[in-house]
Amino acid sequence: MTDYILPLGTDALRARDIPDPWTFGVADRVRFYELDALNHVNNTAYLRWFETTRVRWLADYGISDYAAADPTLVLRGVTCDYHAPLFLHEDYVVTARCLSFRRTSFRKAYGVWSGGVLKAEGTAVIVMTDTAGTAKIPLSDGIRETLAGRDGAVDEA
């Protein structure tokens, strides 16, 4: 039995040689359709992995499970730096944490790890908006406390 797709906590991450300050991750394995013509993971797959992990992270942190009553979260920007390739059937873990937050947004960091080696890393800025996505709304005190408490995120407001 594997723990693929299930969120991993601190103990499980440390068992995979993923260091502090990472406390949240999702394990998976490279699939054939994620490869490119050079037989390693295509760069777009990493962005999909970030998104899948972000959705899991948001639900686990109680911020959003994308229900109709939840605030709308908009991805303002994302980056990815590639350090080493991943190949078919290779096990990996995508880690996620919040680095900082402002009045209406927060900045996330991601890492993609295999065998304790950082293969790629990225960032994203997420903005909270009204349900129409037309106006920014402030992060609630509860969300701010969760981001600071669970990830050590810094208030940049």
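Owing to the predicted nature of the structure, the values given are computational and were not obtained by experimental measurement. (Residues numbered from 1 in each chain as written. Predicted model: local features only at pLDDT ≥ 70, side-chain atom pairs only at ≥ 80, totals over all residues. Heavy atoms only, no water.)

Visitor: I'd like a description of the overall build of the protein, backed by residues and values.
Guide: From N to C terminus, the protein includes three helices and seven strands. Overall size of the protein, expressed as C-alpha extent along the three principal axes, is 45 × 35 × 30 Å. For the protein, contacts bridging at least 24 residues in sequence account for 62% of all contacts bridging at least 6. Taken as two groups, the 17 positive and 21 negative side-chain charges of the protein have centres that lie 3 Å from each other. (Helix = DSSP H or I, 4+ residues; strand = E, 2+ residues; numbered from the N terminus. Contact = heavy atoms within 4.5 Å. Lys, Arg positive; Asp, Glu negative; His and termini not counted. Charge placed at Lys NZ, Arg CZ, Asp CG, Glu CD.)

Visitor: Describe in detail a positive patch on the surface, supporting the description with residues and values.
Guide: Together, Arg76, Arg102, Arg103 and Lys136 line one region of the surface with positive charge. With respect to the helices, strands and loops of the structure, Arg76 is situated in strand 3 (residues 72-82). (Patch = residues over 30% accessible without salt bridge, like charges linked within 9 Å, V, L, I, M, F, W, Y side chains within 5 Å. Areas by Shrake-Rupley, 256 points an atom, 1.4 Å probe, with all protein chains shown as cover. Salt bridge = Lys/Arg side-chain N within 4 Å of Asp/Glu carboxyl O.)

Visitor: Any details on the packing of aromatic side chains? Residues and values, ideally.
Guide: Tallying each qualifying case throughout the model produces seven aromatic pairs. For the ring pair Tyr46 and Tyr82, a centre distance of 5.1 Å and an interplane angle of 70 degrees mean the geometry is edge-to-face. Residue Tyr46 is located in helix 2 (residues 43-60), and its partner Tyr82 is located in strand 3; the two are separated by 36 residues in the primary sequence. On the basis of relative accessible area, Tyr82 is assigned to the partly exposed category, the value being 41%. Note on Trp49 and Tyr92: the rings are 3.9 Å apart at their centroids and 20 degrees apart in plane angle, and the pair reads as stacked. With Trp49 in helix 2 and Tyr92 in strand 4 (residues 91-101), this pair connects stretches of sequence that are 43 residues apart. Tyr92 matches Trp49 in its accessibility class, with the two residues each being buried. Members of the aromatic cluster, each reached through a chain of ring pairs, are Phe24, Trp57, Tyr61 and Phe106. The ring of Trp22 has Arg97 lying over it, and the distance from NZ or CZ to the ring centre is 4.9 Å. (Phe/Tyr/Trp six-rings, centres within 6.5 Å; stacked < 30°, edge-to-face > 60°. Buried < 20%, exposed > 50% of the residue type's maximum accessible area, 1.4 Å probe, protein only. Lys NZ or Arg CZ within 6 Å of the ring centre and 35° of its normal.)

Visitor: Can you lay out the side chain of Glu34 for me, pointing to particular residues and giving the numbers?
Guide: With respect to the helices, strands and loops of the structure, Glu34 is situated in the loop between strand 2 (25-29) and helix 2. With no salt bridge to any partner, buried Glu34 finds its closest opposite charge in Arg31, at an N-O distance of 4.3 Å. Here Arg31 takes part through its backbone nitrogen, which lies 2.7 Å from a polar atom of the side chain of Glu34. The contacts of Glu34, once residues within four sequence positions are left out, are Arg29, His40, Val41, Asn42, Ala45, Trp49 and Tyr92. (Polar contact = N/O pair within 3.5 Å; in protein donor to acceptor, adjacent residues only side chain to side chain.)

Visitor: Explain the nonpolar core residue by residue, including any values.
Guide: Among the nonpolar cores identified, the biggest contains 32 residues, and Trp49, Trp57, Phe106, Val112 and Leu147 are the most heavily contacted of them. Of all the elements in the fold, those that place two or more residues in this core are helix 2, strand 3, strand 4, strand 5 (105-114), strand 6 (117-129) and helix 3 (141-151). Sort the elements by how many residues they give to this core and helix 2 lands first, with six residues. For Trp49, the contacting residues outside a window of four places in its chain are Val30, Glu34, Val41, Leu86, Tyr92, Val94 and Val112. With eight residues, the next largest nonpolar core counts Leu13, Trp22, Ala27 and Ala109 among its residues. (Core = buried A, V, L, I, M, F, W, Y, C linked by side-chain atoms within 4.5 Å.)

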